[in-house]
Structure formats: C-alpha cells, structure tokens
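Here are the chains, one letter per residue:
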Amino acid sequence: TIDLGEPAGPRQVLSGLAQYLPIEAVRGARVVVLCNLGAKKLGGVESQGMVLCAKSEAGLGFVTPPDAAPVGERVCFEGFPGEPESNPKRIQKKKAWETCMPDLATDAEGVACYRGVPFATAAGKCTAAIKSAPIS
C-alpha cells in the first residue's frame, strides 16, 4: 500500500517492480503515483494507481518527490494549468495516458519532465536516479 495523504487511507498499488528492485528498496520509498487512471486488476488483485519510474539500460528508478514535499501533494507542470481529470472513464476514452507517456522522461540531471517541463511540487522538482530515460 502507498500513503497518498487521502482521507480514505493508503491505496493498494501493484507493480511489476519485483524483477528490478529488491523489496527493501520498495518498502517505505517516497514515490510519484499516477492516481486518476482508474482501478485495474492485476493477477486478480485491484491496483489503484501507477508508480512512475525511469528506466534505461542502466536500470530502473522511482520518480521521487523532493524530501520536503508533503505526502499526497499534487505534482504540477508550469504552463499546463488546470485540475486533473477525476473521471477514469474519460481518461481511458481519451487515451490520455497513452498520449502523455511518450513525452515523459528524465533529463540529463535526472529531473522528471513532461515535454521538457519539470514535475514540480511547492518544495521543488521531482527526480529519478536514472538520467536521460523514459518514464512509465
């Protein structure tokens, strides 16, 4: 489960990270989670979000918020105003994830970006240990 600071409590989020990261690296990690895709069953178990990671031949690493960012703070992108879509069916219908994913990557410093614009919180930019790599 991942605590996203929501009144309903932590969300159950499943991933295929076991083949890349030991459980010790996953447990308790601060991560950026895509929350409005809608729940999906993976192996018969419901997952309520997607952990974002940068991946390259060098390995895989979580996209992480700044240490000072409070749990559950929304990530924003300068120049892309607006509220997140709250209806997962609309997101699926518009193929929003499939449209955005090719534009997600870390830069040469490991800053997570959408179309070259950093993932940002009030505390600063989100980063990943894997540099110059796609995010999914």
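For the structure itself, consult the block above.
Residues numbered from 1 in each chain as written. Predicted model: local features only at pLDDT ≥ 70, side-chain atom pairs only at ≥ 80, totals over all residues. Heavy atoms only, no water.

### A few points about the sheet that holds strand β9 (residues 117-118)
Two strands in a sheet stick together by hydrogen bonds in their backbones, pointing the same way (parallel) or opposite ways (antiparallel). If you trace the three strands from one edge of the open sheet to the other, you get β7-β8-β9, paired in antiparallel fashion. Across the chains shown, the open sheet's two edge strands, defined by having one partner strand only, are β7 (104-106) and β9. As paired strands, strand β8 (residues 112-114) and β9 are joined by two bridges and run antiparallel to one another. Within β9, the position partnered with C113 by the bridge is P118. (Pairing = 2+ DSSP bridges. Helix = DSSP H or I, 4+ residues; strand = E, 2+ residues; numbered from the N terminus.)

### Points about the packing of aromatic side chains
Counting across every chain of the model gives three aromatic pairs. Taking 4.9 Å as the distance between ring centres and 75 degrees as the angle between the ring planes, the aromatic pair formed by F77 and F119 counts as edge-to-face. Taken together, the residues F77 in the loop between β6 (59-62) and α2 (88-94) and F119 in the loop between β9 and β10 (120-121) connect sequence positions 42 residues apart. F77 sits in the partly exposed class, given a relative accessible area of 22%. Residue classification places F119 among the buried positions, given a relative accessible area of 2%. Measuring from centroid to centroid gives 5.1 Å for F80 and Y114, while their planes differ by 65 degrees, and the two rings are edge-to-face. On the criterion of sequence distance, the pair formed by F80 in the loop between β6 and α2 and Y114 in strand β8 is long-range, its members being 34 residues apart. With a relative accessible area of 35%, F80 lands in the partly exposed category. Among the residues examined, Y114 registers a relative accessible area of 11% and is labelled buried. Each member of the aromatic cluster is reached from another via a ring pair, and the members are F77, F80, Y114 and F119. (Phe/Tyr/Trp six-rings, centres within 6.5 Å; stacked < 30°, edge-to-face > 60°. Buried < 20%, exposed > 50% of the residue type's maximum accessible area, 1.4 Å probe, protein only.)

### Here's the deal with the pairing of strand β5 (residues 53-56)
As paired elements, β5 and β6 share four bridges and run antiparallel to each other. Each residue of the ladder has a partner; that of A54, found in β6, is G61.

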